[in-house]
Amino acid sequence: MATVSLCMIARDEEATLERVLRAMREAADEIIVADTGSSDRTVEIAEQYADQIIQIPWEDDFAKARNQAVSKASMDYWMWLDGDDVIDESNVQKLKKLKEKLDEEPQDVVMMRYVIGKDDGGRPILSYYRERILRNRAGFWFQGQVHEAVSLGGKILYSDIEIIHDKVKPGDKDRNLRIYEKMIAGGKTLDPRSQFYFGRELYDHQRYKEAAEVFQNYLKEQEGWLENKIDGAVLLSSCLEKQEERKRAYSVLVETFLWDTPRAEVCCGLGRMFMEEGKLKQAVYWYEAALKTVPDETSGAFIQKDYYDYIPWIQLCVCWDRLGDRKKAYQCHCKAREIHPKSQAVKWNEAYFQGQPSGNSACCIK
């Protein structure tokens, strides 16, 4: 059976660390925890499960910290998790079976689905595949001070193992932006990937004008990854909208069709803008186009499932209602209800179609 070293970095993770270490103790052959300066019970908890605990100074560099943990791995493969990740019993069992498979069919990289939260029905809100297990001593190292990742190569296996990211306390929402700005102030030139994530941080901090400038420069780069470029275009379009540059916002989304097949996020963005302008037939066209798109689960892109079904259905409900076709509107409402029966918009529309005093029109997603 192939052996796996679990390599983690942690800081002030007492609320969640035991949850992941207890689960992984059953599947990992070695656990290494690199503490980056905890002031709570993180180290005390790690001592109950880890084979090695190393203390490293925090230098605003996630890749450097992770690589120090990875450098201590002694097994055939190494695997990484965060302190607030969750791997449930069913996925632990899948991991144990995977180790048997790796012994028979060695791989260089194993990808696993990373789920960033689920709704009340257990449906992923946002998910994407990430490299999780890598062959040890094969030259695989993290790169990037923030949003660190490993450049992949060799034989890559996409597994059905699922890791859930489940925070129980708010993190430092300014940390990543602070690191990027410190890098720039220190004279560092951001590579294309870092430009993309720097733009996202600016966007999340509602610094839309600065974010637009970063995304515009990023989209000119020849080396940018396609999926990040499409995401960057969607965010740039939103920035331009917020600056009342609506015509440019449209053109940025349309330009993505020159790069690859349409993404549901792009189609929904066009549908929403047409809908807001009262151009309902155009909106219907783009929401129906979104329903026809199929996400590539193995692309590594952020998959926001709602853009592929729930959002188009509930928006189509509103469009058809405003166009006077109540039958089609109700059919679309039923589709949306199947996906998110507990959402406020669905409840509002259910009352509306039942003739209850919820309002005088169907409810859409803003």
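Here the structure is shown first, and the text comes after it.
What counts as what
- Residues numbered from 1 in each chain as written.
- Predicted model: local features only at pLDDT ≥ 70, side-chain atom pairs only at ≥ 80, totals over all residues.
- Heavy atoms only, no water.
- Buried < 20%, exposed > 50% of the residue type's maximum accessible area, 1.4 Å probe, protein only.
- Helix = DSSP H or I, 4+ residues; strand = E, 2+ residues; numbered from the N terminus.
- Pairing = 2+ DSSP bridges.
- Expected span 1.5 Å × (residues − 1).
- Contact = heavy atoms within 4.5 Å.
- Disulfide = S-S within 2.5 Å.

Chemist: What exactly am I supposed to notice about unusual backbone geometry here?
Modeler: If a residue is not glycine, its phi is most likely negative; likewise, a peptide bond is most likely trans. A positive phi angle, near 60 degrees, is found at Gln206, a position not held by glycine. A relative accessible area of 57% places Gln206 in the exposed class. The phi angle at Glu244 is positive, at roughly 65 degrees, despite the residue not being glycine. Of note, Glu244 is situated in the loop between helix H8 (226-242) and helix H9 (246-255).

Chemist: Please explain the sheet that holds strand E10 (residues 156-165) as it appears in this structure.
Modeler: Picture the strands of a sheet paired through backbone hydrogen bonds; they go either parallel or antiparallel. Spatially, 8 strands are ordered E3-E2-E1-E4-E7-E6-E10-E5 in an open sheet, and the strand pairing comes out mixed. Strands at the two margins of the open sheet, each flanked by one partner only, are strand E3 (52-55) and strand E5 (85-86). Sheet topology note: the strand E1 (residues 4-10)/strand E4 (residues 77-80) ladder contains 4 bridges and is parallel. Pairing of Ser5 across the sheet is with Trp78, part of E4.

Chemist: What exactly am I supposed to notice about helix H13 (residues 326-339) here?
Modeler: Side chains that are three or four residues apart share a direction in an α-helix, a result of its 3.6 residues per turn. Relative to the 20 Å expected for 14 residues at 1.5 Å per residue, H13 spans 20 Å between its end C-alpha atoms, a close match to the ideal helical length. Of all the residues in H13, the buried ones are Ala329, Cys332, His333, Cys334 and Ala336. Close packing links the buried residues of H13 with helix H12 (310-322) and helix H14 (344-353).

Chemist: It is not clear to me how the state of the cysteines should be interpreted in this structure. Could you clarify?
Modeler: In a disulfide, the sulfur atoms of two cysteines are covalently bonded to one another. Per the counting criterion, the structure on display carries 0 disulfides. Take Cys267: it sits in no disulfide, and the sulfur closest to it among the cysteines is that of Cys268, at 7.0 Å. As a non-bridged cysteine, Cys332 has Cys317 as the owner of its nearest cysteine sulfur, 6.6 Å distant. A relative accessible area of 7% places Cys332 in the buried class.

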